[in-house]
Amino acid sequence: MKITEKIHLLRLDFKINLNSQKQIERFVNSIIIFGEKITLIDTGTKDSAHHIFSYIKENSRDISDIEAVILSHSHPDHIGSAAEIKKVTECRILAHESEKNWIENIEAQVKERPVPAFFELVDKSVKIDKFLEHGLQVKVDEDVSLKIIHSPGHSKGSINIFLPEDKILFTADSIPIKNDIPNYDDFNDLMDSLHRIKSTQDYSILLTSWSPPLTDRKEIEIFLDEGESYLKVLDKTVKSIYIGEESEALEFCRKVILKLGLPDFYVNPIVDKAFKGHIK
Ligand SMILES: [Zn+2]
């Protein structure tokens, strides 16, 4: 999907096999910047490389033009095809330094964050060639530059990317979707990042990993308010339930999910860890 002449958004669908009976359907967005060279932001899961390559070819470009892949953070649905794309195109991989361990060592990532069927989403680690620190400006084409905004919360080294010439802000997984799986590393940092996004008015197009593009200011405000309200409801509920000792693992997590009427499969160690971050 064309956002501007040079900046395109590609929706990449994938499935997570929770167990032999249950499968959930998700999608993640990748951004493709068609300059003299091509820059990608995020790469979907391990099966996404051929979709990205096809899209580039459909736009009459050669995949060897891919010069750089920026990873918004280390989660499997963002880094899944990075190793394959690097192998085929010899592009550089860029990410925040705090994501280094989980991008360069996916075995460590799955041990610390046990996403179901993890290796069906990403099967290869990839080495980062350059770290992206907060405030860094990268010129990727004559009239396209990227400004890196460190936005911790969803993960320690999550970044948002601002494209000033086109007034586009890409927030990756920083804005929670109402009733979606509570999935963050640090609740307070996530709130701070969300408030920063809300207080910034210098963008007119909001791109995220898990929504269609938002171009209307009112629509953007509603989206941000819903994310914030959801976090506040989670915070209130977690703080009323996570009290004292659990008699069994995930007991409190199960109670929160039940109380909010959210799907059963949200009861898992990743959500439990996110919830425990509210009361630390
Ligand atoms: Zn993520």
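Quick look at the structure, then. Here the structure is a predicted model, which means the values were calculated and not measured.

**What about the sheet that holds strand β10 (residues 168-170)?**
The sheet built from five strands is open, its strands ordered β7-β8-β9-β10-β11 with mixed pairing. Edge positions in the sheet fall to β7 (137-141) and β11 (205-207), since each has one partner strand and no second. Geometrically, the sheet is characterised by an average inter-axis angle of 25° between neighbouring strands, direction not taken into account. Here β7 pairs with strand β8 (residues 144-150) via four bridges, running antiparallel.

**Concerning the pattern of salt bridges**
Oppositely charged side chains may form a pair once their charged atoms are brought near each other. Inspection of the entire model under this criterion finds 18 salt bridges. Put simply, aspartate 13 and arginine 11 hold a salt bridge, and the shortest N to O gap is 2.8 Å. Using a relative accessible area of 49% as the deciding quantity, one classes aspartate 13 as partly exposed. Where aspartate 65 meets arginine 61, a salt bridge forms, and the shortest distance between an N and an O atom there is 3.2 Å. Classification of arginine 61 by relative accessible area gives partly exposed; the value is 22%. Put simply, Lys198, Asp225, Glu228 and Lys232 are held in one network by salt bridges that share partners.

**A short note on empty space enclosed by the protein**
Per the stated rule, a full pass over the model turns up one cavity of 30 Å³ or more. Here the largest cavity defines a volume of roughly 80 Å³. Lining the largest cavity are 13 residues, and of these Pro176, Ile181, Asn183, Tyr184 and Trp210 lie nearest its centre. Taken together, the residues of the lining of the largest cavity break down into nine nonpolar, two polar and two charged.

**Concerning the packing of helix α8 (residues 217-241) against helix α9 (residues 251-260)**
The contact between α8 and α9 brings their axes to 10 Å, and the two run at 130°. Relative to α9, the element α8 lies oblique. In this structure, the crossing between α8 and α9 has a hand that is right-handed. On the side of α8, the interface is formed by Val233, Leu234, Thr237, Val238, Ser240 and Ile241, while α9 contributes Phe252, Lys255, Val256, Lys259 and Leu260.

**Considerations on the coordination of the zinc ion**
In the first shell of the zinc ion, the protein supplies His73 (NE2), His75 (ND1), His154 (NE2) and Asp173 (OD), at 2.0 to 2.2 Å from the metal. Bound by four donor atoms, the zinc ion shows angles of 90 to 174° at the metal and therefore irregular coordination geometry.

**Side note on the packing of aromatic side chains**
The tally for this structure, following the rule as stated, stands at six aromatic pairs. With 5.1 Å between their ring centres and 85° between their planes, phenylalanine 118 and phenylalanine 119 make a pair best called edge-to-face. In this structure phenylalanine 118 comes out as buried when scored by relative accessible area, which is 2%. Residue class for phenylalanine 119 comes out partly exposed when judged on its relative accessible area of 40%. When the centroid spacing of 5.3 Å and the interplanar angle of 65° are considered together, the rings of tyrosine 242 and phenylalanine 252 count as edge-to-face. Of this pair, tyrosine 242 sits in the loop between α8 and α9 while phenylalanine 252 sits in helix α9, and the two are ten residues apart along the sequence. The residues tyrosine 242 and phenylalanine 252 share a single accessibility class, namely buried. Members of the aromatic cluster, joined through ring pairs, are Tyr242, Phe252 and Phe275. Above the face of the phenylalanine 27 ring, arginine 11 is positioned so that its terminal group lies 3.9 Å from the ring centre.

**Considerations on the nonpolar core**
Ranked by internal contacts, the top residues of the largest apolar core, which has 36 residues, are Ile32, Leu40, Ile56, Ile66 and Ile85. The element best represented in this core is helix α1 (residues 49-58), accounting for five residues. Non-local contacts of isoleucine 66, meaning those with residues more than four positions away in its chain, are made with Ile38, Leu40, Phe53, Ile56, Ile85, Thr89 and Cys91.

**A word on the pairing of strand β9 (residues 159-163)**
With five of five residues buried, β9 lies mostly within the body of the structure. With burial as the criterion, each face of β9 is covered, one bearing Ile159, Ile161 and Leu163 and the other bearing Asn160 and Phe162. Of the pairings in the sheet, the one linking β8 to β9 comprises four bridges and is antiparallel in character. Considered in β9, the bridge of isoleucine 149 is made with asparagine 160.

**Overview of the side chain of serine 81**
By the secondary structure assignment, serine 81 is in the loop between α2 (76-79) and α3 (82-89). For serine 81, a relative accessible area of 0% puts it in the buried group. In contact with serine 81, other than residues within four places in its own chain, are Thr43, Gly44, Thr45, Lys46, Asp47, Ser48 and Ala49.

About the cut-offs
- Every chain is numbered independently, its residues counted from 1 as its sequence is written.
- Local features in a predicted model are, by the rule used here, given only for residues with pLDDT of at least 70; side-chain atom pairs are given and counted only at 80 or more, and totals for whole chains, interfaces and linings are based on all residues.
- In computing side-chain properties, one takes all heavy atoms of the structure into account and sets aside hydrogens as well as water.
- Each pair of strands is called paired provided DSSP finds at least two bridges between the two strands.
- Under the scheme used here, helices are H or I runs from DSSP no shorter than 4 residues and strands are E runs no shorter than 2 residues, and both carry numbers assigned from the N terminus.
- Fitting a line to C-alpha atoms yields each axis, with helices limited to the stretch in contact; the angle taken between N-to-C directions then spans 0 to 180 degrees.
- When a carboxyl oxygen of Asp or Glu lies within 4 Å of a side-chain nitrogen of Lys or Arg, that pair is called a salt bridge.
- Here the term buried applies to any residue with accessible area under 20% of the maximum for its type, exposed to any over 50%, and partly exposed to those in between, with areas from a 1.4 Å probe on protein chains only.
- Cavities and pockets are found on a 1 Å grid laid over the protein atoms alone: a cavity is a set of points where a 1.4 Å probe fits but cannot escape, a pocket is an open set with protein on both sides within 12 Å along at least five of seven lines, and a lining residue has an atom within 4 Å of such a point.
- Grid points are joined across faces, edges and corners, and a volume is the space filled by probe spheres set on the points.
- When residues are grouped by polarity, Ala, Val, Leu, Ile, Met, Phe, Trp, Tyr, Cys and Pro land in nonpolar, Asp, Glu, Lys and Arg in charged, and all others, Gly among them, in polar.
- Any angle between 65 and 115 degrees counts as roughly perpendicular, while under 35 counts as roughly parallel, over 145 as roughly antiparallel, and the rest as oblique.
- By convention the crossing between two helices is left-handed if the near helix lies anticlockwise of the far one by an angle smaller than a right angle, and right-handed if it lies clockwise.
- It only takes one pair of heavy atoms within 4.5 Å for two residues to be counted as in contact.
- Nitrogen, oxygen and sulfur within 2.8 Å of a metal are treated as its donors, or within 3.2 Å for sodium, potassium and calcium (Na, K, Ca); water is not counted, so a site can appear incomplete.
- For four-coordinate sites, all angles between 85 and 135 degrees define a tetrahedron; for four- and six-coordinate sites, opposite donors beyond 155 degrees with the remaining angles between 65 and 115 define square planar and octahedral shapes respectively, and all other cases count as irregular.
- Pairing of aromatic rings covers Phe, Tyr and Trp, the last through its six-membered ring, and needs centres within 6.5 Å; plane angles under 30 degrees mean stacked, over 60 mean edge-to-face, and all others mean tilted.
- For a Lys NZ or an Arg CZ to count as sitting over a ring, it must be within 6 Å of the ring centre and within 35 degrees of the ring normal.
- Buried residues of nine kinds, namely Ala, Val, Leu, Ile, Met, Phe, Trp, Tyr and Cys, make up a nonpolar core once their side-chain atoms join them within 4.5 Å.

Coordinates in, geometry out; function isn't part of it.
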